[in-house]
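Letter by letter, the chains look like this.
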Amino acid sequence: MYSIQDRIPVSIVIANYNYAHFLKRSIDSALEQSYGDAEVIVVDDASTDATADVVASYGSRIKTCLREVNGGHAAAFNTGFAASRGKIVLFLDADDYLYPNAVSEVVDAWEENTAQVQFRLHIVDEDMHVRDVFPPEELPFDSGDVTPQLLRKGRYQTTVTSGLAFRRSVLDKVMPVPEQEFRQGADGYLATVAPLYGEVTSIDDCLGAYRIHGANHSVFAKKLGQRARWRIQHDFRRLEALSDQATEIGLDVPGDAGLHDPVHLEERLASLCIDRERHPVSSDSRLSLAAAGAVASLEMNASARRRAMLAAWFLSVGVLPRRMAKAVLSWKLVASSRPRLLLRLSKTIRHAMG
């Protein structure tokens, strides 16, 4: 474990595209870290809003990388990493922000064999009001050597961009992030391949805020089928990248890894139920996906109640008439679609399953 006094150089790379409205809060949060040796790099991915004025107002307090052509999430990550010097690198989305103790806590938790540190985030709205925690507190982080889980199902319990920090020497092995494949979701690539080269250290405290708003890529409330298809394809790209990296170090990812992952199976079911014509896997059936999802749910790192409830949900979506299955899907995936009684019930069940 590093001591804060060791002053390991840290880089905070802020990736921005047309988020001038949120960017100042993000930059300020990076500059206000209690840790003394943290550089702040802002990558602007060819924004067309007032971003240039925002970054110019900080002068030499930040390092600015202005991309001339919009390249997406991965391109911004690659540009920022190339400009950084830190032995530990955090990537922060421009609509999110860190709490002042975030870097200090990350450095203090760092172990000799750590490849990646992950921590929880408060979910906040556009006005920074806390709405929830991500990942939910009742879902335990997976820690230590997560390679066996990655090889078996292509996923472990992790978080999003702004809750991740990486060892530079590990990033040197896995970057640049493939820019065409991960134009969105570059954090998914890094969190998938980085743990092949070390352990995951988890912090259960919330060290920052993950902002949910109508403009960000996380919101598809009215487009469930579109969201599901995007996530399925993103998973396929992650699994391909994982297989390539694993092969380089003499490991093998089975071809059916996704069929052991309840998160992936949930999206497959959603896509198939909501928009069968555009579903990307022609051989899928609701019953086979539901059965695989039920089995995978029972193997999760979660309470017995939560595992049983999720398994039951999969089976219900698999066997109910399609119209009812669609309703059950939307109730789970979009909270705003739930009847008021179900909302209260789901909160009760969630706390009971914690």
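Conventions we followed
- Residues numbered from 1 in each chain as written.
- Predicted model: local features only at pLDDT ≥ 70, side-chain atom pairs only at ≥ 80, totals over all residues.
- Heavy atoms only, no water.
- Salt bridge = Lys/Arg side-chain N within 4 Å of Asp/Glu carboxyl O.
- Helix = DSSP H or I, 4+ residues; strand = E, 2+ residues; numbered from the N terminus.
- Buried < 20%, exposed > 50% of the residue type's maximum accessible area, 1.4 Å probe, protein only.
- Pairing = 2+ DSSP bridges.
- Phe/Tyr/Trp six-rings, centres within 6.5 Å; stacked < 30°, edge-to-face > 60°.
- Lys NZ or Arg CZ within 6 Å of the ring centre and 35° of its normal.
- Contact = heavy atoms within 4.5 Å.

## With respect to the pattern of salt bridges
- Enumeration according to the criterion identifies 16 salt bridges in this entry.
- For the salt bridge of Arg67 with Asp45, the shortest nitrogen-to-oxygen distance reads 2.9 Å. With Arg67 in strand β3 (residues 63-67) and Asp45 in strand β2 (residues 38-45), the pair connects residues that are 22 residues apart, well separated along the chain.
- The buried category is assigned to Asp45, whose relative accessible area is 2%.
- Here Glu267 makes a salt bridge to Arg231, at a shortest N to O gap of 3.2 Å. Of this pair, Glu267 sits in helix α9 (residues 262-274) while Arg231 sits in helix α8 (residues 224-248), and the two are 36 residues apart along the sequence.
- The structure contains a network of salt bridges with shared partners spanning Asp37, Glu39, Lys63 and Arg85.

## Things to note about the pairing of strand β7 (residues 130-134)
- Relative to β7, strand β6 (residues 114-124) runs antiparallel, the two being bridged by 4 bridges. Within the sheet, the bridge partner assigned to Ile123 lies in β7 and is Asp132.
- The hairpin formed by β6 and β7 contains 5 residues between the paired strands, and Met128 there has a positive phi angle of roughly 70°.

## A closer look at the packing of aromatic side chains
- Counted according to the given criterion, the structure contains 7 aromatic pairs.
- For the pair Trp313 and Phe314, a centre-to-centre distance of 5.1 Å together with 75° between the ring planes defines the contact as edge-to-face.
- Given the relative accessible area of 11%, Trp313 is considered buried.
- Note on Phe314: relative accessible area 0%, which makes it buried.
- By the ring-pair criterion, three or more aromatic residues cluster together here, those being Phe77, Phe91 and Phe166.
- The ring of Tyr97 has Arg25 sitting right over it, with the charged end atom 4.3 Å from the ring centre.

## Topic: the pairing of strand β4 (residues 88-93)
- The element β4 is largely enclosed, with a buried count of 6 among its 6 residues.
- Of the two faces of β4, the one holding Ile88, Leu90 and Leu92 and the one holding Val89, Phe91 and Asp93 are both buried throughout.
- Bridge analysis of strand β1 (residues 10-16) against β4 gives 6 bridges, and the strand direction is parallel. By the bridge assignment for β4, Val10 is matched with Ile88.
- In this sheet, strand β8 (residues 164-167) lies alongside β4 in antiparallel orientation, the contact comprising 3 bridges. By the bridge assignment for β8, Ile88 is matched with Arg167.

## What about the side chain of Thr51?
- Note on placement: Thr51 falls in helix α2 (residues 51-56).
- Assessed through its relative accessible area of 1%, Thr51 is described here as buried.
- Setting aside anything within four residues of it in sequence, one finds Thr51 in contact with Asn16, Asn18, Tyr19, Ala20, Leu23 and Asp44.

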